[in-house]
Amino acid sequence: MIEYNHLKVEKKWQKKWFESKIFEIKEDSKKEKYYCLEMLPYPSGNLHMGHVRNYSIGDICARFHRMKGKNVLYTAGWDAFGLPAENAAIKNKIHPKKWTKQNIACMKEQLKVLGFSYDWNREISTCDPKYYKWTQWFFIKMWEKGLVFRKNANVNWCSSCQTVLANEQILNGVCWRCGSHTEHRDLEQWFIKITDYADELLEGHKQLGGWPEQVLSMQKNWIGKSYGVEINFKISGFCKNLKIFTTCPDTIFGVTFMVVAPEHEIINELKFKIKNYEQVAKYILASGRKSNIERTSSKEKTGVRLEGVNALNPATKKEIPIFTADYVLMGYGKGAIMAVPAHDQRDWEFAKKFDIPVIEVIKGNNSDTNKHAYEDEGILVNSGEFTGVKSVDAFNIVSNWIEKQGFGKKIVNFKLKDWLVSRQRYWGVPIPMIHCDHCGIIPVSEKELPVLLPEDLEFTRTGKSPLKISKAFVNVKCPKCDKDASRETDTMDTFVDSSWYYARYCDSHNDNAPFDSAKANYWMPVNQYIGGIEHACMHLIYARFWFKVMRDLGLIKYDEPFVNLLTQGMVTLSGSAMSKSKGNVVNSDEILIKYGADTARLFVLFAAPPQKQFDWSSSGIEGCWRFINRVWRLFDVVRSAKPITITDIASQKNKDDILRIMHKTVKKVTADIEKEFQFNTAISSIMELVNALYSYKYHANDDGVSLEVYKVLILLLAPITPHLCEEIWEKFGNNECISIHAWPVFDESVIKESSIEIPVQINGKLKGRIIASVDMSEEEVKKVVMFDKKILVHLKGKQIVKFIYVKSKIVAIVIK
């Protein structure tokens, strides 16, 4: 057999797949559908081996279920808007559209070279006006439903990217995109009311049994549902209240001071009453330069008292001081807290620093509030009529009392905040709204969609979006009164674009709607979604929210977009995550040229379970290349072997053994791919079958049994190394592509051993072996021994004295 030429073989089959369109798919009500999808990739320019792993996982799932007879939707597209393209435009003096399209062309070719079985006819790009027209349409529909609004807000600002960031896009105090420290600014911004769906986003977890528990836990913590009481603290001498939210209303008698966030509106409202406002203003300015992480994680508590302004504890009727401190954030509750230093360590440390009284209101066995806060259960003390009540019972008792007194009410609170979606950059979806001095904010008429990005703009390093200075873009007529108006110049966060793309794949060429509901209801929800766990509290929450909105618009009938979620581990290099920006990547092109696509796919699937991280290994990919060549050479081994002399009974025994191994392998590989996603152990089982075929010496004596086993082996490998398997399959004379051939089935009755080889020992020496049925009695086994000519010559009047058993089966015979 000629040497395996991976470059020639892979090009051949990629061309055949493309020309035959075997992966293009349509709805078919007679077939079970299977929708497999990887998270929408950003077109950065080149694939590294981390990408290869991600898409190889998706492709093995798609190919496997296709061979199982399902109608498989598996396609690809591009999350094409975003800052990197705009930054590249500034740096390289190239339009971001051109830069993006060049990268898409490059990455698409790389994906094709890897042999992924995508239906490219459904490809989408979020920067295509045919796509973002419908993103704008959704924005207008949400505006009509009251889910979109504009307000002045204290927001996260990245000076490097010159744009606002959502809370979810701040990671450890820095911008998720560029790594720069962020600051806070007051700006008028666009928001989507994701909080209207907060409860449903939590309840929906009950339908997500196929999601990793870690992701569900991360989302639960991020949404942060809590039960508590909203309490009004009056500002002494003013007709104003300071609202707070607390989950511990039972400690209200221990409140000795209040703390408001530096951004809290009460400071500005009472600025002329605050005696030390200049000091307070300086503190606010310094706090604005800190990230939320820095503010809440600092061990040293800082703050400034608002001198001349006090609050009234509604339970004790005592005046208490008000401070501003940066450990209190506007992002949770009301941006203000009632401080109970006896029972909150953070408040205790603050009280000690500023010499504020500490009043114990929960007494426990080991409580000593002179040394530290007591944060456990106990008995209420110093709490008026509630003294003596167990703290575990006090929540409802005190909450009801507060409501009856009229200074508070029980509410449910969420950490989740409304989604800040406006960005002050060019390369994004234009927000389809118009500002009119007479009519206010008016949406663009649907017939005018899409609002196109102008392309004749200059990109500079000023950080200012070129949209703001484009008169042709900004100056428009109001669609309501026809007077002069101005177009919105902010663009949408790119997470908006990727929140609904999975539905567009169901009907990607529709010019009259985002998608046809009948088609979407056939394909949705996605059966298997694949992507990184880092998207747990961004994309995966946004996409779930958007899907529910589409349901409420009558476009879809389901509640959740993704039935099963697999979060793949990273491929690292010398222990660090592969990153183009850090320069530590293994270029996929080099690997594909030297070893081929099948070897690369095999290695990334074999190196570790898909959920686990693994470090790149040159020796590992070499080993996979050798295995592929072993499989290739096995074709000749099986077909060209010469007959050998062997007894009929031995021939049958070996045929039974190789068939048993084959059926065991089919069973194991099927379960590993279909249920467990243990692709590495599936490949290991296939390797064992290859070893068994090489050890098997009876290829020419078994009436084609080993040839059939080899064919099954190739079918099992087809989703993993499709080019190799297509080539071998064709050599067997098959005209149909193996990619659409039926998956092999196993026979449980063959897996169970029907016969066993039993060694026969005479006078302490092994004299032969017999083949007997596993369920034979001792008398029946004796008869087999007596008819074996090789053993018979050694008997000479001797007799069987002992049968040796293991698990009720005879495994050896002793004769004396």
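Our structure's up above, just so we're on the same page.
Our subject in this report is the structure included herewith. (Residues numbered from 1 in each chain as written. Predicted model: local features only at pLDDT ≥ 70, side-chain atom pairs only at ≥ 80, totals over all residues. Heavy atoms only, no water.)

Turning next to the overall build of the protein chain. In terms of helices and strands, the protein chain carries 27 helices and 34 strands. Here the C-alpha coordinates of the protein chain stretch approximately 120 × 75 × 45 Å along the principal axes. The buried share of the protein chain, reckoned over its 816 residues, is 55%. Summarising the internal contacts of the protein chain: among those between residues at least 6 apart in sequence, 73% fall at separations of at least 24. Carbon and sulfur atoms make up 49% of the accessible area of the protein chain, which amounts to about 36,900 Å² in all. (Helix = DSSP H or I, 4+ residues; strand = E, 2+ residues; numbered from the N terminus. Buried < 20%, exposed > 50% of the residue type's maximum accessible area, 1.4 Å probe, protein only. Contact = heavy atoms within 4.5 Å. Areas by Shrake-Rupley, 256 points an atom, 1.4 Å probe, with all protein chains shown as cover.)

Moving on, we get to helix α12 (residues 391–405). With 15 residues, α12 extends 20 Å between its outermost C-alpha atoms, agreeing within 8% with the 21 Å of an ideal straight helix rising 1.5 Å per residue. Three or more residues of α12 are buried, namely S391, A394, V398, S399, W401 and I402. In this structure, the buried side of α12 is in contact with β10 (226–235), β16 (362–363), β17 (379–380) and β18 (408–413). (Expected span 1.5 Å × (residues − 1).)

Moving on, we get to the packing of helix α23 (residues 705–717) against helix α24 (residues 722–731). The interhelical angle for the contact between α23 and α24, taken along N-to-C directions, is 150°, at an axis separation of 9 Å. Taken as axis vectors, α23 and α24 run roughly antiparallel relative to one another. α24 is crossed by α23, and the crossing has left-handed handedness. For the pair α23 and α24, the contacting residues are Y710, K711, I714, L715 and L717 in the first and C725, I728 and W729 in the second. Considering only residue class, the contact of α23 with α24 consists of 7 nonpolar, no polar and 1 charged. (Axes fitted to C-alpha atoms, helices over the stretch in contact; angles between N-to-C directions. Parallel < 35°, antiparallel > 145°, perpendicular 65-115°, else oblique. Left-handed = near helix turned anticlockwise from the far one by under 90°. Nonpolar A, V, L, I, M, F, W, Y, C, P; charged D, E, K, R; others polar.)

Before going further, it helps to spend a moment on the packing of helix α19 (residues 597–606) against helix α20 (residues 618–640). At a minimum axis separation of 9 Å, α19 and α20 run at an interaxial angle of 120°. Comparing their axes, α20 and α19 come out oblique. Regarding α19 and α20, the two cross each other, and that crossing is right-handed. Seen from α19, the contacting residues are D598, T599, A600, L602, F603 and F606; seen from α20, they are G620, I621, C624, W625, F627 and I628. Its residues assigned to classes, the contact of α19 with α20 shows 9 nonpolar, 2 polar and 1 charged.

What follows covers the sheet that holds strand β28 (residues 571–573). Strand pairing in a sheet relies on backbone hydrogen bonds. The paired strands run either parallel or antiparallel. Ordered in space as β29-β28-β30, the 3 strands form an open sheet in which the pairing is mixed. Each having just a single partner strand, β29 (576–577) and β30 (614–615) make up the two edges of the open sheet. Of the pairings in the sheet, the one linking β28 to β30 comprises 2 bridges and is parallel in character. Counted as the bridge partner of V571 is F614 from β30. (Pairing = 2+ DSSP bridges.)

Next up on the list: a nonpolar patch on the surface. Residues M786, F787 and L792 make up a contiguous nonpolar surface patch of about 350 Å² in total accessible area. Examined against the element boundaries, M786 turns out to sit in helix α26 (residues 778–786). (Patch = residues over 30% accessible without salt bridge, like charges linked within 9 Å, V, L, I, M, F, W, Y side chains within 5 Å. Salt bridge = Lys/Arg side-chain N within 4 Å of Asp/Glu carboxyl O.)

With that settled, consider the state of the cysteines. If you walk through the whole model with that rule in mind, you get 0 disulfides. C127 supplies the cysteine sulfur nearest to C106, a cysteine that is in no disulfide, at a spacing of 16 Å. Left unpaired, C436 is separated from the closest cysteine sulfur, that of C481, by 3.7 Å. Here C436 falls in the buried class, since its relative accessible area comes to 6%. (Disulfide = S-S within 2.5 Å.)

Another point: the nonpolar core. Within the largest apolar cluster, 186 residues are counted, with the highest numbers of intra-cluster contacts made by Y35, W419, Y501, Y502, W546, M550 and Y710. In contact with W419, not counting residues within four places along its chain, are W190, F191, I192, I194, D493, F495, V496, S499, Y542, F545 and W546. Residues L242, I252, A315 and I402 belong to the second largest nonpolar core, which totals 50 residues. (Core = buried A, V, L, I, M, F, W, Y, C linked by side-chain atoms within 4.5 Å.)

Neither face of strand β15 (residues 336–339) is left uncovered, since the one carrying A336 and M338 and the one carrying I337 and A339 both have all their residues buried. Direction of pairing for strand β12 (residues 257–260) relative to β15: antiparallel, over a ladder of 4 bridges. Looking at β15, one finds that F257 is bridged to A339.

On to the pattern of salt bridges. Considering all chains together, one arrives at 42 salt bridges under this definition. Between K12 and E730 there is a salt bridge, with the nearest N and O atoms lying 2.6 Å from each other. Of this pair, K12 sits in helix α1 (residues 6–20) while E730 sits in helix α24, and the two are 718 residues apart along the sequence. Judged by relative accessible area, which is 27%, E730 ranks as partly exposed. When the shortest N-O distance is used, the salt bridge between K468 and D490 registers 4.0 Å. Here D490 lies in the loop between β24 (484–487) and β25 (491–492) and K468 lies in the loop between β22 (440–443) and α13 (471–474), a separation of 22 residues in the sequence. For K468, a relative accessible area of 37% translates into the label partly exposed. If you follow the salt bridges from partner to partner, you end up with E200, R544, K548, R551, D552, D559 and E560 in one network.

Take the environment of K390 next. Structurally, K390 can be placed in the loop between β17 and α12. Apart from residues no more than four positions distant in its own chain, K390 is found in contact with G378, I379 and L380.

Right, let's talk about helix α4 (residues 96–113) for a bit. The terminal C-alpha atoms of α4, which comprises 18 residues, lie 26 Å apart, in line with the 26 Å expected from a rise of 1.5 Å per residue. Backbone geometry just downstream of α4 places G115 in the positive-phi region, at approximately 80°.

This part is about the packing of aromatic side chains. Per the counting criterion, the structure on display carries 46 aromatic pairs. Centroid distance W401 to F407: 5.7 Å. Interplanar angle 80°. Geometry classified as edge-to-face. By way of ring pairs, the aromatic residues Y131, W134, W137, F138, Y197, W419, F495, W500, Y542, F545 and W546 are connected into one cluster. Over the aromatic face of F191 sits the side chain of K151, whose NZ or CZ is 5.1 Å from the ring centroid. When the ring centre of F473 is taken as reference, the NZ or CZ atom of R487 above it lies at 5.3 Å. (Phe/Tyr/Trp six-rings, centres within 6.5 Å; stacked < 30°, edge-to-face > 60°. Lys NZ or Arg CZ within 6 Å of the ring centre and 35° of its normal.)

Now for the pairing of strand β9 (residues 183–192). Successive side chains on a regular strand alternate, one facing one side of the sheet and the next facing the other. Pairing between strand β5 (residues 148–158) and β9: 10 bridges, direction antiparallel. Its bridge partner being in β9, N152 is matched across the sheet by E188. As paired strands, β9 and strand β19 (residues 419–420) are joined by 2 bridges and run antiparallel to one another. Bridging across to β19, I192 finds its partner in W419.

All right, on to the environment of E726 then. Within the fold, E726 resides in helix α24. On the basis of relative accessibility, which here comes to 1%, the residue E726 falls in the buried class. For the pair E726 and W743, spaced 17 residues apart in the sequence, the C-alpha separation amounts to 14 Å. Among all residues touching E726, those that are not within four sequence positions of it are W13, W17, C737, I738 and S739. Within polar-contact distance, the side chain of E726 engages the backbone nitrogen of I738 at 2.8 Å. (Polar contact = N/O pair within 3.5 Å; in protein donor to acceptor, adjacent residues only side chain to side chain.)

To continue, consider the side chain of T251. With respect to the helices and strands, the residue T251 is situated in the loop between β11 (241–246) and β12. Look at T251 and you get buried, because its relative accessible area is 6%. In contact with T251, not counting residues within four places along its chain, are M338, V340, V361 and I362.

As summarised here, the arrangement of the 4 strands in space is β6-β5-β9-β19, forming an open sheet in which the pairing is antiparallel. What marks the edges here is a single partner per strand, and that holds for β6 (163–165) and β19. Examined bridge by bridge, β5 and β6 share 3 bridges and lie antiparallel to one another. Pairing of N156 across the sheet is with L165, part of β6.

By themselves these figures say nothing about function.
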